[in-house]
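Structure at a glance
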Amino acid sequence: MNKISVVINTYNASKYLAQVLETAKSFDEIVVCDMESTDDTVAIAKAHGAKVVTFPKANHKSAEPARTFAIQSASSNWVLVVDADELIPQALHDYLYKFIENNGDIMGLYIPRKNHTMGVCLPSSYPDYQLRFFIKEGTVWPPYVHTFPTVNGKLDHIPEKRKDLAFVHLDDSTRATLVRLNNYTDNEVEKRAGTKVTLFKMFASPTMRFIKLYFLKGGFRYGIAGYVQAMRSAQYKFTVLCKLYEKQIGL
């Protein structure tokens, strides 16, 4: 019989975890793969009946090095990977169970995601497809930030028009965003080692990122939230390029 495990990677993720676990409770299993949290993340997970496994934090800056271990810790043959700040709509739960009964040769699904910035879900960030639902057997997740898993089989997308099936990515504080910025860009630099950085690229790439989100995709229509989203995205690109250039000149 086909079953679905929800897999959540965590590290000091107590802020939204209880909400996330509530939306996952009707699946066959919840697996929380914790990277040695120092807050009450593990206690919250256990209180909600989750199976908790541990992956050593070591010097890892993101959850990606622990993803494959977390996936293989699930007992179901299908896995839904959810971040600790993403809510699962009931409609998505129902859709996925129907899918696994009639999936044909499709072994993985890209799921749309609604991202919130300053409490606003900006249209420019939708559908932000994430490859998060797949057959467990043979699936491997690269150990780098902002990567998708390698799935053993054909892939498909949930239709963009089905907004009722999208993950709800909850808003992060500026403090949390800045912590993640430093950690994620370190991992991004490792992934892009050897990339040559020029003055033109350092100026043009972040600038074009801002222009795309704020002007071309209409972020200006959403006041401060639209401006913050565009600036955060440009800042991320600029930080990656700065760190790559430091590597390039031997700093």
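Shown above is the structure to which this text applies.
Our subject in this report is the structure included herewith. Keep in mind that this is a model prediction, so the values were computed, not measured.

**Describing the packing of helix α5 (residues 174–191) against helix α7 (residues 223–248)**
- Contact geometry of α5 with α7 gives a least axis separation of 9 Å together with a crossing angle of 40°. By the angle class used here, α5 and α7 are oblique. The two elements α5 and α7 meet at a crossing, and its hand is right-handed. Residues Thr174, Thr177, Leu178, Leu181, Asn182, Tyr184, Thr185, Asp186, Glu188 and Val189 of α5 form the contact with α7, whose participating residues are Arg232, Gln235, Tyr236, Thr239, Val240, Lys243, Leu244 and Lys247.

**With respect to the packing of aromatic side chains**
- Considering all chains together, one arrives at 13 aromatic pairs under this definition.
- Taking 5.2 Å as the distance between ring centres and 25° as the angle between the ring planes, the aromatic pair formed by Phe210 and Tyr214 counts as stacked. Placement of the pair is Phe210 and Tyr214 together in helix α6 (residues 199–216), with a separation of 4 residues, close to one helical turn. Judged on exposure class, the residue Phe210 and its partner Tyr214 are both buried.
- Grouping aromatic residues by their ring pairs yields a cluster made of Phe210, Tyr214, Phe215, Phe220 and Tyr227.
- The cationic tip of Lys57 hangs over the ring face of Tyr11; the distance from NZ or CZ to the ring centre is 5.0 Å.

**Comments concerning the sheet that holds strand β4 (residues 78–81)**
- Read across the open sheet, the 7 strands follow the order β3-β2-β1-β4-β9-β6-β10; overall the sheet is mixed. Only two strands of the sheet have a single partner each, and these edge strands are β3 (51–54) and β10 (154–157). The mean angle between the axes of side-by-side strands here comes to 25°, regardless of whether they run parallel or antiparallel.
- When strand β6 (residues 106–111) meets strand β9 (residues 130–135), the two strands line up antiparallel, connected through 4 bridges. Residue pairing in the sheet places Gly108 in a bridge with Phe134 of β9.
- Strands β1 (4–10), β2 (29–34), β3, β4 and β9 of the sheet are contacted by helix α3 (residues 64–72), whose axis makes an angle of about 150° with β1.
- Along the sheet, helix α4 (residues 90–101) contacts β1, β4, β6 and β9; its crossing angle with β6, the most-contacted strand, is approximately 165°.

**Some words on the environment of Met107**
- In this fold, Met107 is placed in strand β6.
- For the pair Met107 and Asp40, spaced 67 residues apart in the sequence, the C-alpha separation amounts to 35 Å.
- Those residues within four positions of Met107 in sequence are excluded, and the remaining contacts are Trp78, Phe133, Phe134, Ile135, Val151, Asn152, Gly153 and Lys154.

**What to know about the sheet that holds strand β8 (residues 120–121)**
- Read from one edge of the open sheet, 4 strands run β5-β11-β7-β8, paired in mixed fashion. Where the open sheet ends on each side, the last strands, each with one partner, are β5 (86–87) and β8.
- Inspection of the sheet shows β5 paired to strand β11 (residues 167–169) by 2 bridges, in the antiparallel sense. From the neighbouring strand, Glu86 faces β11, where its bridge partner is His169.

**So, the packing of α6 against α7**
- Orientation of α6 relative to α7, taken along the N-to-C sense of each, is 160°, at an axis distance of 8 Å. Judged by the angle between their axes, α6 and α7 are roughly antiparallel. Crossing geometry of α6 relative to α7 is assigned as right-handed. In contact with Lys201, Met202, Ser205, Pro206, Arg209, Phe210, Leu213 and Tyr214 of α6, α7 contributes Gly226, Tyr227, Gln229, Ala230, Met231, Ser233, Ala234, Lys237, Phe238, Leu241, Cys242 and Tyr245.

**Remarks on a nonpolar patch on the surface**
- A cluster of nonpolar side chains, namely Phe215, Leu216 and Phe220, defines an oily patch on the protein surface of about 340 Å² accessible area.
- Secondary-structure assignment places Phe220 in the loop between α6 and α7.

**Things to note about the pairing of strand β7 (residues 113–117)**
- Burial of β7 is one-sided: the residues Arg113, Asn115 and Thr117 facing one way are buried, the residues Lys114 and His116 facing the other way are not.
- For β7 and β11, the ladder comprises 3 bridges, and the chain directions are parallel. Directly across from Lys114, in β11, lies its bridge partner Val168.
- In the sheet, β7 pairs with β8 via 2 bridges, with the strands oriented antiparallel. Within β8, the position partnered with His116 by the bridge is Cys121.
- The antiparallel hairpin formed by β7 and β8 contains 2 residues in its connecting segment, where Met118 sits at a positive phi of about 50°.

Reading guide: rules and limits
- Residues numbered from 1 in each chain as written.
- Predicted model: local features only at pLDDT ≥ 70, side-chain atom pairs only at ≥ 80, totals over all residues.
- Heavy atoms only, no water.
- Axes fitted to C-alpha atoms, helices over the stretch in contact; angles between N-to-C directions.
- Helix = DSSP H or I, 4+ residues; strand = E, 2+ residues; numbered from the N terminus.
- Parallel < 35°, antiparallel > 145°, perpendicular 65-115°, else oblique.
- Left-handed = near helix turned anticlockwise from the far one by under 90°.
- Contact = heavy atoms within 4.5 Å.
- Phe/Tyr/Trp six-rings, centres within 6.5 Å; stacked < 30°, edge-to-face > 60°.
- Buried < 20%, exposed > 50% of the residue type's maximum accessible area, 1.4 Å probe, protein only.
- Lys NZ or Arg CZ within 6 Å of the ring centre and 35° of its normal.
- Pairing = 2+ DSSP bridges.
- Patch = residues over 30% accessible without salt bridge, like charges linked within 9 Å, V, L, I, M, F, W, Y side chains within 5 Å.
- Areas by Shrake-Rupley, 256 points an atom, 1.4 Å probe, with all protein chains shown as cover.
- Salt bridge = Lys/Arg side-chain N within 4 Å of Asp/Glu carboxyl O.

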